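Structural characterization, general
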Amino acid sequence: MANLKSESTICSQCKGKHWNPNSQKETQASVLKEFGKIANNCVNGEGGVVHCPYAK
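What comes next is a walk through the structure. (Residues numbered from 1 in each chain as written. Predicted model: local features only at pLDDT ≥ 70, side-chain atom pairs only at ≥ 80, totals over all residues. Heavy atoms only, no water.)

1. Re the overall build of the chain
As a reminder of what qualifies: In this description a helix means any DSSP run of H or I spanning at least four residues, a strand means any run of E spanning at least two, and both kinds are numbered starting from the N terminus. Relative accessible area decides the class of each residue, using a 1.4 Å probe on protein chains only: under 20% of the type maximum gives buried, over 50% gives exposed, and in between gives partly exposed. Each accessible area is a Shrake-Rupley result for a 1.4 Å probe, and residues are judged covered by the shown protein chains and nothing else.
Scanning the chain from N- to C-terminus turns up two helices and zero strands. Among the 56 residues that make up the chain, the fraction classed as buried is 23%. A total of about 4,100 Å² of accessible surface is found on the chain, and carbon and sulfur atoms cover 52% of it.

Put into structure tokens, the structure is as follows:
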């Protein structure tokens, strides 16, 4: 089982191109549309902690 510190195949393919710093909903919808599922790192943690390794 992968953990949040490992990079999913979705992350390695996306490389943050779907990251929207203003909308988690838009980020997740865009990733879901392209890849058919959402990586754990596309979901911010409690308190707005960003898990996307490519977030800018």
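Next comes the rest of the write-up.
2. Some remarks on helix 2 (residues 24–35)
Our working definition: Expected span of a helix, by definition, is 1.5 Å for each gap between consecutive residues, and there is one gap fewer than residues.
For helix 2, spanning twelve residues, the distance from its first C-alpha to its last is 16 Å, which sits close to the expected 16 Å at 1.5 Å a residue. Positive phi shows up at Gly-36, right after helix 2, with a value of about 80°.

3. Things to note about the environment of Cys-52
Just so we agree on the cut-off: Contacts were defined at the residue level, with two residues in contact if any of their heavy atoms lie within 4.5 Å.
Position of Cys-52 relative to the elements: it lies in the segment after helix 2. A relative accessible area of 17% places Cys-52 in the buried class. Not counting residues up to four positions away in its chain, the partners in contact with Cys-52 are Trp-19 and Asn-41.

4. Considering unusual backbone geometry
You will see that Lys-15, though not glycine, has its phi angle at about 55°, which is positive. Within the fold, Lys-15 resides in the loop between helix 1 (9–14) and helix 2.

5. A few points about the environment of Gln-13
With respect to the secondary-structure elements, Gln-13 resides in helix 1. When its relative accessible area of 54% is taken as the criterion, Gln-13 is described as exposed. Separated by 22 residues in sequence, Gln-13 and Phe-35 place their C-alpha atoms 9.4 Å apart.

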